[in-house]
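# Observations on chain architecture
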Amino acid sequence: MAGSAISLGNTFVLASMGTVSPTNSHKPSSISTQLGFLNSQLTGLRISSQTSLKTPTPVVASPFQPIVAKRVCPFTGKKANRANKVSFSNHKTKKLQFVNLQYKRVWWEAGKRYVKLRLSTKALKTIEKNGLDAVAKKAGIDLSKK
């Protein structure tokens with residue numbers, strides 16, 4: 001593998017040229033001028049001097065990350081319950097029992113339009129019984145924004 005390099009501490013091992021060790025460990029620029037940029041045959045990455053490895057690169061969040069909705073019903077406040085999963089041998093392991101959340105289009109009479117909501121099936125039964133306006137007012141939800 002001619003031209004490949006492996007970094008071992010402060011010593012760079014070149015397959016074709018032998019071993020190159022820096023004379024002064026406080027001058028990493030002389031190493032980079034001797035070696036330049038080497039292409040690694042194993043990973044396809046560019047290897048430079050040790051100084052670039054010491055500087056941390058800032059982690060920037062991507063603006064296109066998906067938005068994950070919480071598993072909580074906004075109308076009833078129901079959320080996941082911690083429970084034990086019990087095996088046949090009575091061995092207990094922790095598990096979560098999630099709320100049965102559904103995406104539903106519900107007719108909003110006051111707004112004369114459909115409103116798309118993510119609500120639990122218990123909240124859906126409550127809306128059918130009491131009406132959307134009463135349940136939303138009790139929960140403190142503004143339906144005009146949705």
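One structure accompanies this document, and this report is about it. (Residues numbered from 1 in each chain as written. Predicted model: local features only at pLDDT ≥ 70, side-chain atom pairs only at ≥ 80, totals over all residues. Heavy atoms only, no water.)

Attention now goes to the overall build of the protein chain. When its secondary structure is counted, the protein chain shows four helices and nine strands. Counting helices and strands in the order they occur from the N terminus, the protein chain gives β-β-β-α-β-β-α-β-β-β-β-α-α. With 146 residues in all, the protein chain has 19% of them scored as buried. Taking all contacts inside the protein chain whose residues are at least 6 apart in sequence as the whole, residues at least 24 apart take part in 34%. (Helix = DSSP H or I, 4+ residues; strand = E, 2+ residues; numbered from the N terminus. Buried < 20%, exposed > 50% of the residue type's maximum accessible area, 1.4 Å probe, protein only. Contact = heavy atoms within 4.5 Å.)

So, on to the pairing of strand S6 (residues 81-86). Sheet analysis places S6 next to strand S7 (residues 92-97), joined by six bridges and oriented antiparallel. Note that in S7 the partner of Asn84 across the bridge is Lys94. Hairpin connection from S6 to S7: five residues lie between these consecutive antiparallel strands, with Asn90 at a positive phi of about 65 degrees. (Pairing = 2+ DSSP bridges.)

On to the packing of helix H3 (residues 121-130) against helix H4 (residues 132-139). Relative orientation of the contacting elements H3 and H4 amounts to 120 degrees, with a least axis distance of 7 Å. Considered as vectors, H3 and H4 are oriented oblique to each other. In contact with Thr126, Ile127 and Asn130 of H3, H4 contributes Leu132, Ala134 and Val135. The class makeup of the residues in the contact of H3 with H4 is four nonpolar, two polar and no charged. (Axes fitted to C-alpha atoms, helices over the stretch in contact; angles between N-to-C directions. Parallel < 35°, antiparallel > 145°, perpendicular 65-115°, else oblique. Nonpolar A, V, L, I, M, F, W, Y, C, P; charged D, E, K, R; others polar.)

Listed in full, the buried residues belonging to H4 are Leu132, Val135 and Ala136. For H4, the buried positions fall inside an angular range of 95 degrees around the axis, keeping them on one side. Facing away from the buried surface of H4 by more than 90 degrees, the exposed residues are Lys137 and Lys138. If you follow the buried residues of H4, they end up packed against strand S8 (101-108), strand S9 (113-120) and H3. Looking one or two places after H4, you find Gly140, whose phi comes out positive at around 80 degrees. (Arc of directions from axis to C-beta.)

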